[in-house]
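Structure at a glance
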Amino acid sequence: MKPQFIDIHSHLNLSDYDADREETLRRAQDALVWVINVGVEKKESQFAVEIAEKYSDGVYAIIGQHPTSEEDFDLDFYRKLAKNKKVVGIGECGLDFFRKPDEKSREKQIAAFRAQIELAIELDLPLMIHCREAYSEALVILNEYKKKYGDKLRGDFHFFAGDTGTAQKILDLGFNISFTGVITFAREYEKLVKYVPLDRMMSETDCPFVAPVPYRGKRNEPLFVKEVVSKIASVRGEDFEKVRAQLLQNAIKFFKLTV
Ligand SMILES: [Zn+2]
């Protein structure tokens, strides 16, 4: 089935969907929404691949370790898992200094981030970046790799919540920026949604978190990515169909998907 939308960052691999994972995926597929489930640790990464393998198309996996994970980064595990054809990216990885980690925890985050950047370059896969209260630190590291590897370094900043200046630095790096349902209820994102060029942004749900209006407070799911796309169109004052088609094209190109 040809997609109409792609939820480029969802977590149907989490236990929140244990009771109705198949039905949730079916609702997305019936609505022509493709889904990319994102790992946070080894178990969820493995499971994201298993879910993707059950479907011939429309379901993919990104594998990696979240910056707040306590696990030791297992390079061999991820390198092996990434050989699966359904793996389209490495992450979500990055830096998260929101809870003011001590020096040792910061070092650990940075080491795991660097290992995943290097793995993504080695395997020619894009990075799915999670970054919170650490944009400048993350950008220093990424620019270092950019100098060395050029366009081989590719990635997306998911759930972006920085300012337009930071957004510009990310765009200069050649990375994309993706938005979640938070833009449907938090007005401070409007400036950003207008600022990022339409051909450099993607849509995501980050489900089960941050359900968009009108599903606020409920468990989120990939189907609701439509609301994110619709909000992007209305904030920018652009035609919904034009925005939908462009965001779809951006994701297909970014993850090199076959439709
Ligand atoms: Zn996530």
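Refer to the structure presented above.
Summarised in this report is the structure supplied together with it.

1. Comments concerning the packing of aromatic side chains
Following the criterion strictly, the structure yields 10 aromatic pairs and no others. Judged by centre distance (5.1 Å) and plane angle (5°), the rings of Phe-73 and Tyr-78 are stacked. Consider the rings of Phe-77 and Tyr-78, whose centres lie 5.0 Å apart with planes at 85°: the pair is edge-to-face. Overall, Tyr-78 belongs to the buried group, its relative accessible area being 1%. Taken together, Tyr-135, Phe-157, Phe-160 and Phe-175 form an aromatic cluster joined through their ring pairs. Its end group placed over the ring of Tyr-60, Lys-86 keeps NZ or CZ at 5.3 Å from the ring centre. The ring of Phe-185 carries the charged tip of Arg-216 above its face, separated from the ring centre by 3.5 Å.

2. Points about the coordination of the zinc ion
For the zinc ion, every protein donor is listed as His-9 (NE2), His-11 (NE2), Glu-92 (OE) and Asp-206 (OD), and the spread of their distances is 2.1 to 2.4 Å. Coordination at the zinc ion comes from four donor atoms whose angles at the metal span 87 to 175°, giving a geometry best classed as irregular. Between the donor residues of the zinc ion, the gaps in sequence give the motif H-x1-H-x80-E-x113-D. In this structure, His-9 and His-11 share a single accessibility class: buried.

3. Overview of the environment of His-130
Topologically, His-130 is positioned in strand S5 (residues 127–132). Classification of His-130 by relative accessible area gives buried; the value is 13%. Sequence separation between His-130 and Phe-159 is 29 residues, and the spatial gap between their C-alpha atoms is 7.4 Å. Polar side-chain contacts of His-130 include one of 3.2 Å to the side chain of Glu-92.

Rules behind the numbers
- Sequence order as written defines the numbering, with residues in each chain counted from 1.
- A pLDDT threshold of at least 70 governs which residues receive local features in this predicted model, and a stricter bar of 80 or more applies before side-chain atom pairs are shown or counted, although totals over entire chains, interfaces and linings include all residues.
- Remark: hydrogens and water are excluded; side-chain values derive from all non-hydrogen atoms of the structure.
- Side-chain rings of Phe, Tyr and Trp, where Trp is taken by its six-membered ring, are said to pair if the distance between their centres is within 6.5 Å; with planes under 30 degrees apart they count as stacked, over 60 as edge-to-face, and otherwise as tilted.
- Three labels apply to residues, based on accessible area from a 1.4 Å probe with only protein chains included: buried if under 20% of the type maximum, exposed if over 50%, partly exposed otherwise in between.
- Only when the NZ of Lys or the CZ of Arg is both within 6 Å of the ring centre and within 35 degrees of the ring normal is a charge said to sit over the ring.
- For Na, K and Ca the donor cut-off is 3.2 Å, and for all other metals it is 2.8 Å, counting N, O and S atoms only; because water is absent from this set, sites may look incomplete.
- Key to geometry: four donors with every angle between 85 and 135 degrees are tetrahedral; four donors are square planar and six octahedral where opposite donors lie over 155 degrees apart and all remaining angles lie between 65 and 115; all other sites are irregular.
- By definition, any uninterrupted DSSP run of H or I lasting at least four residues is a helix, any uninterrupted run of E lasting at least two residues is a strand, and each is numbered from the N terminus.
- Any pair of N or O atoms that falls within 3.5 Å is considered a polar contact. Within protein, one atom must be able to donate a hydrogen and the other to accept it, and sequence-neighbouring residues count only if both atoms are side-chain atoms.

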